[in-house]
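Notes for the structure review
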Amino acid sequence: MSDYIIRRLLLAVPTLALVMLMVFSIIRLIPGDIVDVMVSEQAYAADKEAMREELGLNDPVYQEFGRWLWALAHGDLGQSLWTKQPVIEELKNRFPVTAELGLYSILVGLIIALPVGVLSAIRQDTLTDYVARSFAIAGISVPYFWTATLVIVFMPLWFDWSPPLRYVGWSEGPLDHLYVFLVPAILLGMYLSGSVMRMTRTMMLEVLRQDYVRTAWAKGLSERVVVLRHALKNALIPVVTIVGLQLAAAVSGTVIIESIFNLPGVGRYFYEAIVFRDYPSIQGTALIIAVAVVLINIVVDVTYAYLDPRIRYR
Amino acid sequence: MERTAAVEVTLARAERRRLPFWLDVVRRLIREKPLGLIGGLLVLILVILAVGAPVIAPYDPLEIRGADRLSPPSLRHPFGTDNLGRDLFSRIVYGARISMYVGLMAVLLSTVISLLIGVVSGYFGGKVDMLWQRLVDAVIAFPGLIFVLMVIAVLGTGINNVILALGVLGGVSGSRVIRGSTLAVKEQAFIEAARALGCGHTRTILVHILPNVMAPAITLATLGLGTAILVEASLSFLGLGVPPPDPTWGSMLSREARRWMLEGPWLAVFPGLFLSLAVFGFNMLGDALRDLLDPRLRGR
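Residues numbered from 1 in each chain as written. Chains lettered and ligands numbered in written order. Predicted model: local features only at pLDDT ≥ 70, side-chain atom pairs only at ≥ 80, totals over all residues.

1. A short note on the overall build of chain B
Stated precisely, the cut-off is as follows: Per the convention used, a helix needs a DSSP run of H or I reaching at least four residues, while a strand needs a run of E reaching at least two, with both numbered from the N terminus. Partly exposed residues are those whose C-beta has more than 12 but fewer than 20 other C-beta atoms within 10 Å; with 20 or more the residue is buried, with 12 or fewer it is exposed, and the C-beta atoms are placed from the backbone. Note on contacts: residues are paired as contacts if their backbone-placed C-beta atoms lie within 7 Å.
Each helix and strand counted, chain B has 13 helices and 0 strands in total. Ordered by position in the sequence, the α and β elements of chain B form the string α-α-α-α-α-α-α-α-α-α-α-α-α. Each of the three principal axes of chain B carries a C-alpha extent, and together these read 75 × 60 × 30 Å. Within chain B, the proportion of its 300 residues that are buried is 44%. Across chain B, the fraction of contacts at a sequence separation of at least 24, relative to all contacts at a separation of at least 6, is 70%.

2. Examining the interface of chain A and chain B
Here is the rule: Charged means Asp, Glu, Lys or Arg here, nonpolar means Ala, Val, Leu, Ile, Met, Phe, Trp, Tyr, Cys or Pro, and polar covers whatever is left, Gly included.
Taken together, the contact between chain A and chain B spans 40 residues of the former and 36 residues of the latter. Counting residues per element, the ones that place at least two in the side of chain A that touches chain B are helix 1 (2–29), helix 6 (127–141), helix 7 (144–159), helix 10 (223–260), helix 11 (266–275) and helix 12 (279–307) of chain A. Here the side of chain A that touches chain B takes 8 residues from helix 7 of chain A, the largest share from any one element. Grouping the constituent residues of the side of chain A that touches chain B by class yields 33 nonpolar, 6 polar and 1 charged.

3. Focus: helix 6 of chain A
Convention followed: Expected helix span is given by 1.5 Å per residue-to-residue step, counting one fewer step than there are residues.
For helix 6 of chain A, built from 15 residues, the straight-helix expectation of 21 Å at 1.5 Å per residue is met to within 8% by its first-to-last C-alpha distance of 21 Å. In this structure, the buried residues of helix 6 of chain A make contact with helix 5 (87–122) and helix 8 (174–208) of chain A together with helix 3 (34–51), helix 11 (214–237) and helix 13 (266–293) of chain B.

4. Side note on the packing of helix 10 of chain A against helix 7 (residues 144–155) of chain B
So the rule is basically this: A fitted line through C-alpha atoms represents every axis, and for helices the fit uses only the stretch in contact; the resulting angles, taken between N-to-C directions, go from 0 to 180 degrees. Throughout, the term roughly parallel applies to angles under 35 degrees, roughly antiparallel to angles over 145, roughly perpendicular to angles from 65 to 115, and oblique to all others.
In the contact formed by helix 10 of chain A and helix 7 of chain B, the axes pass within 7 Å of each other and the chain directions differ by 60°. The pairing of helix 10 of chain A with helix 7 of chain B is recorded here as oblique in orientation. Each of Val251, Ser252 and Val255 of chain A in helix 10 of chain A lies in contact with helix 7 of chain B, whose residues at this interface are Gly144, Leu145 and Ile146 of chain B. Considered class by class, the residues forming the contact of helix 10 of chain A with helix 7 of chain B number 4 nonpolar, 2 polar and no charged.

5. Let's talk about the confidence of the model for chain B
All names here are of chain B. Test applied: A score from 0 to 100, pLDDT tells how confident the predictor is in each residue.
Residue-level pLDDT values for chain B average 86, and 92% of them are 70 or greater. In the model of chain B, helix 1 (residues 2–18) stands out as the element of lowest mean pLDDT, 63, in contrast to helix 5 (residues 88–124), which has the highest, 93. What the predictor reports for the complex is a pTM of 0.87 with an ipTM of 0.87.

In structure tokens, the structure reads:
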């Protein structure tokens, strides 16, 4: 097992190196003179020389890259041009909001996906199955920014209720704080449930056809025991992988959902950085997100290998 | 009874064998895949809207009529009008055109990239393959929308940059799927036979490998079209995709447009409905095609 973990970690090294190189290159790939644009349009610095210094464009690329990596190793992601705050501080403040949103969304997703996926599999090719599968594909196809728009527009019109659009911190009142996440988490969770449901259904179908399940039926065990104790346990193993992948998808989702519901998370910070052409913030945020995704993937793979010993001997 | 059924199956198989491959796929789509068929019909409607936009749309999608502003759905304006009095139905019909254009161009680009790199990488293997696979790892470490937003941050907004971003992303991640299929095909006996008969690398790739990885490529392209349309809409929704005044489904739902939606709730309904149906259609069709084209499932 430790062999497997070490191999998996080593494989991540070149990936992370390339991720850093890609993020570092963002400023240098911009066509035309970025400095002109930054000074004239955004007025981030008094003159071009100061701007070049600020963006780190003065020295040869390899020197700047070295300096950037060195700063990175010291936890320094540079300074936001817009707020003049260190990017790492901005991210630290915003991370809990995004993590919370992601966690609740995944929970909602699982609560919907697992029962529906199992039901769809044990009632294969019936009306229940077709309805469930259509819902799963609908979950993936219907954009959450549309469902969010519908909630914001029609809830006040029909029920005289509107979802909160102002963020409330935990310290200002735990219940109000959770209330803020209610609608965003449900909408994002519904989207995430689609893939998980489909994976659960596929794996359940596969497992239900195996000999040991037939044996369980033959022993006269009840449907509940066969499905939940015998089949579901094994079917869930690959579902772990898809849930991990969904975490990455949830990050994309937070950019949009946080912008709509005014949640001060990492996703909205990234969006604002792009609107304001705040390149150090764009770089820092993209880097942290990519590193997080790589780490999540490692954790998922290791968990998978732990749950399913066959993987380790491949 | 059993015997009759068996004879019928044999007859059906014999009859099926006479059909050209693609007609057979369409036939099986209609017979065996009700959800896929619905998807196919939705896609067909979308294509008709996109191609026939000038004929189907009753008004100019950009024409501003102050007198008609925010009028609810009626016979004159089936989907109502927006805050500038523009006919929403016409805008949605032209929006189909932009969505389809972005989707098709992005998928064309990504299919070329994924086939070119996936097949070469899988067929030759070695160091180039190793390096490319690490690059794929790095690109897919960025969640889809984050990668596309990074490209937009570098190149700026605009329809061509959106296409480029989506095409590169789809191509890089798709190349891994194509590489996997190439590896599987490469190990088969007929490739060895072709090589033994003196078939060069170029000919082997073009004549023997390529046709055998077309099935996953087509599935990827169909599902990719849905994704491309969805991401383009997300970008336009955020105001970072196709800039106004071009009527896109995403920008019709943007923060800017939302200001008028309490007065005209129909503005919130129709663009999202068409967007969802379009993505739903491509996803359904792609799923069905995956089942129909998968050689392991063929003939079942």
